[in-house]
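# Results of the structural survey
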Amino acid sequence: MGLFAPLNPPLPAWPEARVWVIGASTGIGAATAKLLLDAGARVALSARSADKLRDVAGGHTNAVVEPLDFTRSADVAAAWDRIRARWGGVDLVLIVAGTHREMRAWELTEKDSRALLEINLHAVINTTGVLVPGLLAQGSGAIGIVASVAGYRGLPKALVYGASKAAVINFTETLYLDLHPKGLGVYLIMPGFVKTPLTDQNDFTMPHLISAEEAAREIVDGMRAGKFEIHFPRAFTRQLKLLRLLPYRWYFHLVRKATGL
Ligand SMILES: NC(=O)c1ccc[n+]([C@@H]2O[C@H](COP(=O)([O-])OP(=O)(O)OC[C@H]3O[C@@H](n4cnc5c(N)ncnc54)[C@H](OP(=O)(O)O)[C@@H]3O)[C@@H](O)[C@H]2O)c1
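All figures in this text were calculated on a predicted structure; none of them were measured in a lab.

Cut-offs applied
- Residues numbered from 1 in each chain as written.
- Predicted model: local features only at pLDDT ≥ 70, side-chain atom pairs only at ≥ 80, totals over all residues.
- Heavy atoms only, no water.
- Phe/Tyr/Trp six-rings, centres within 6.5 Å; stacked < 30°, edge-to-face > 60°.
- Helix = DSSP H or I, 4+ residues; strand = E, 2+ residues; numbered from the N terminus.
- Buried < 20%, exposed > 50% of the residue type's maximum accessible area, 1.4 Å probe, protein only.
- Pairing = 2+ DSSP bridges.
- Axes fitted to C-alpha atoms, helices over the stretch in contact; angles between N-to-C directions.
- Contact = heavy atoms within 4.5 Å.
- Near = heavy atom within 4 Å.
- Polar contact = N/O pair within 3.5 Å; in protein donor to acceptor, adjacent residues only side chain to side chain.
- Areas by Shrake-Rupley, 256 points an atom, 1.4 Å probe, with all protein chains shown as cover.
- Nonpolar A, V, L, I, M, F, W, Y, C, P; charged D, E, K, R; others polar.
- Parallel < 35°, antiparallel > 145°, perpendicular 65-115°, else oblique.
- Left-handed = near helix turned anticlockwise from the far one by under 90°.

## Side note on the packing of aromatic side chains
For any pair of aromatic rings, the description rests on two quantities: the centre-to-centre distance and the angle between the ring planes. Enumeration over the complete set of coordinates arrives at six aromatic pairs. Taking 6.0 Å as the distance between ring centres and 10 degrees as the angle between the ring planes, the aromatic pair formed by Trp20 and Trp80 counts as stacked. Placement of Trp20 in strand E1 (residues 18–22) and of Trp80 in helix H3 (residues 73–87) is noted, with a sequence separation of 60 residues between them. By the burial criterion, Trp20 is buried, and Trp80 matches it.

Right under this line is the structure:
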């Protein structure tokens, strides 16, 4: 691999591409699915809310609605089989689905942390496990997984959410190491703050907040450029990447100062 070569193999042009977006009913997933549908890709849309998926599909004849709960691996496997049978293969699967709830140390309960990890971690891992054999058999295709900059280092109010995303970052890095030599693509998608139903519940001013449409554009451009890590908005993520390098004493001090928590 050349020093400056793209880290991922090229994707087909969008009008030839067959894409499955899991978590396509609202927010970042819905905006990305719409962008790809407008670009002419065939897009299968999954999430639990069938009515919202139908709204995202709109009048697009290149959209397929596949409602499911991705914590149920058997349903994911059945949808994966149906989509591949319909199109003869899949070029890209985006695992965008996730959830968030603020949690501080004194609010930690087993019930809440299990519920969050079930969606943000176990469902992501189990869905990947369903996809990999089919992609290996195809000998081509890519998986994109949405983590979060909250997984870089510990942040206040993100006690279990941050841990779930840190685990997803590590998982996706290892997935890349395994699958890249087999000719498959792996994208680690790292949004900063994006205005969606998920962040509408936040009670603080979110720095560098962008729209779901801007996030979708970043994701699509990043995949097209063959990047591994697609992080945005860069004015924010560059600061966080610098913070990642600091010794704990400085890191904790700066986080307290920035958040007041
Ligand atoms: N917004 C941000 O600032 C931000 C920042 C960093 C990372 N992220 C990550 O980006 C991803 C998308 O978040 P978003 O902000 O766009 O939130 P969102 O609008 O709430 O979208 C979440 C999506 O996940 C789906 N989903 C949740 N649980 C599911 C399940 N069990 N089975 C199938 N689908 C499920 C939801 O659909 P249904 O409810 O219809 O199932 C919805 O389509 C998440 O992984 C989130 O952690 C967001």
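## Some points on the sheet that holds strand E6 (residues 185–191)
Read from one edge to the other, the open sheet built from seven strands follows the order E3-E2-E1-E4-E5-E6-E9, with strand pairing classed as parallel. Two strands close off the open sheet at either side, each with one partner strand: strand E3 (63–65) and strand E9 (229–232). For this sheet, the mean angle separating the axes of adjacent strands, direction not counted, is 15 degrees. Bridge analysis of E1 against strand E4 (residues 92–95) gives four bridges, and the strand direction is parallel. When the bridges of E4 are listed, Ile22 appears paired with Ile95. Lying on the sheet, helix H1 (residues 27–38) is in contact with E1, strand E2 (42–46), E3, E4 and E6; it crosses E2 at an angle near 160 degrees. With respect to the sheet, helix H6 (residues 212–224) is in contact with E4, E6 and E9, its orientation differing from that of E9 by roughly 150 degrees.

## A closer look at unusual backbone geometry
Residue Pro233 is reached from Phe232 by a cis peptide bond, and omega for that bond is -10 degrees. If you trace the backbone, Pro233 turns up in the loop between E9 and helix H7 (234–244). Even without being a glycine, Lys157 presents a positive backbone phi close to 75 degrees. Checked against the element boundaries, Lys157 lands in the loop between strand E5 (142–146) and helix H5 (159–179). With phi around 55 degrees, His208 is a residue other than glycine that occupies positive phi space. Topologically, His208 is positioned in the loop between strand E7 (194–195) and strand E8 (210–211).

## Topic: the site of the ligand
Contacts to the ligand come from 29 residues, most closely from Arg48, Ser49, Tyr161, Val194 and Thr196. Within the backbone of Phe70, a nitrogen or oxygen atom sits 2.9 Å from a nitrogen atom of the ligand. Summarising the interface, the protein chains cover 93% of the accessible area of the ligand, which totals 880 Å² for the free molecule. Of all elements in the fold, only H1 and H5 reach the threshold of two or more residues within the shell around the ligand. Taken together, the residues of the shell around the ligand break down into 15 nonpolar, 11 polar and three charged.

## Digging into the environment of Leu198
Mapped onto the fold, Leu198 is located in the loop between E7 and E8. Judged by relative accessible area, which is 29%, Leu198 ranks as partly exposed. Separated by 171 residues in the primary sequence, Leu198 and Gly27 have C-alpha atoms spaced 7.7 Å apart. The contacts of Leu198, once residues within four sequence positions are left out, are Gly98, Thr99 and His100.

## As for the packing of H3 against helix H4 (residues 110–138)
Running from N to C, H3 and H4 cross one another at 30 degrees; their axes reach a closest spacing of 9 Å. What the angle tells us is that H3 and H4 run roughly parallel. The way H3 lies across H4 gives a crossing that is right-handed. Only Asn126, Thr127, Val130, Leu131, Gly134, Leu135 and Gln138 of H4 make contact with H3, whose side of the interface consists of Ser73, Val76, Ala77, Trp80 and Arg84.

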